[in-house]
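Coordinate inspection notes
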Amino acid sequence: SSKHRLAGLGKSDGISSSITVQQNDGSFHKILGSYQLDKTTNCGDLIEITVGNECREFEVMKARCQYKYAGGRKFVMVRKILEVKERTRKIVEEHLAKSLALSASDDSVPDVEKL
């Protein structure tokens, strides 16, 4: 995965991207804003966004593109919609999943067929 810094991207360098963040209930309804990002930003990429006075890091979970038909010749990408998860939340979720898998294997019930 690659990391994109949002500062300094102009209209010619990137594409308008709406960023929505995953809420505690799993939905993606909170919109962080619209930013100019590299056109190649995709799932698994890390992006840094300044929210208030703090710089926060997010991982792109899902990327959707919107296109328009240009001049009868081709489709041109006009915007991206990125669904992101805060990096610290993703790390905690991965740790909990590993802990749950370990505890499930420790508490396993003996297989009836082997008895």
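This report concerns the structure included in the present document. (Residues numbered from 1 in each chain as written. Predicted model: local features only at pLDDT ≥ 70, side-chain atom pairs only at ≥ 80, totals over all residues. Heavy atoms only, no water.)

Section: the overall build of the protein
- Helices and strands together make up the secondary structure of the protein, namely one helix and six strands.
- Ordered by position from the N terminus, the helices and strands of the protein form the series β-β-β-β-β-β-α.
- Looking at the protein as a whole, 30% of its 115 residues are labelled buried.
- Partitioning the contacts of the protein with sequence separation of at least 6, the portion at a separation of at least 24 is 47%.
- Here the protein has roughly 8100 Å² of accessible surface; of this, 52% comes from carbon and sulfur atoms. (Helix = DSSP H or I, 4+ residues; strand = E, 2+ residues; numbered from the N terminus. Buried < 20%, exposed > 50% of the residue type's maximum accessible area, 1.4 Å probe, protein only. Contact = heavy atoms within 4.5 Å. Areas by Shrake-Rupley, 256 points an atom, 1.4 Å probe, with all protein chains shown as cover.)

What about the state of the cysteines?
- Across all of its chains, the model carries zero disulfides by this definition.
- The structure places no disulfide on Cys65, whose sulfur is separated from the nearest cysteine sulfur, that of Cys43, by 9.6 Å.
- For Cys65, a relative accessible area of 31% translates into the label partly exposed. (Disulfide = S-S within 2.5 Å.)

Considering the packing of aromatic side chains
- The full count for this structure, using the stated rule, is one aromatic pair.
- Taking the centre distance of 5.0 Å and the plane angle of 55° together, the rings of Tyr69 and Phe75 count as tilted. Pair check on accessibility: Tyr69 and Phe75 agree, each one exposed. (Phe/Tyr/Trp six-rings, centres within 6.5 Å; stacked < 30°, edge-to-face > 60°.)

Quick notes on the pattern of salt bridges
- On inspection of all chains with the given rule, the structure shows six salt bridges.
- The residue Glu93 makes a salt bridge to Lys85 at a minimum N-O spacing of 2.6 Å.
- The closest approach of N and O atoms between Arg89 and Glu93, which form a salt bridge, is 2.8 Å. Residue Arg89 and its partner Glu93 are located together in helix H1 (residues 87-106), separated by four residues, close to a single helical turn.
- Residue Arg89 is classed as partly exposed on the basis of its relative accessible area, which comes to 22%.
- A relative accessible area of 30% means that Glu93 is categorised as partly exposed.
- Through salt bridges with shared partners, a single ionic network connects Lys85, Arg89 and Glu93. (Salt bridge = Lys/Arg side-chain N within 4 Å of Asp/Glu carboxyl O.)

A word on a nonpolar patch on the surface
- On the surface, Tyr67, Tyr69 and Phe75 cluster together into a nonpolar patch covering about 400 Å² of accessible area.
- For Tyr69, the location among the structural elements is in strand S5 (residues 54-70).
- Accessibility expressed as a relative area gives 51% for Tyr69, which makes it exposed. (Patch = residues over 30% accessible without salt bridge, like charges linked within 9 Å, V, L, I, M, F, W, Y side chains within 5 Å.)

Taken by themselves, the reported measurements are silent on function.
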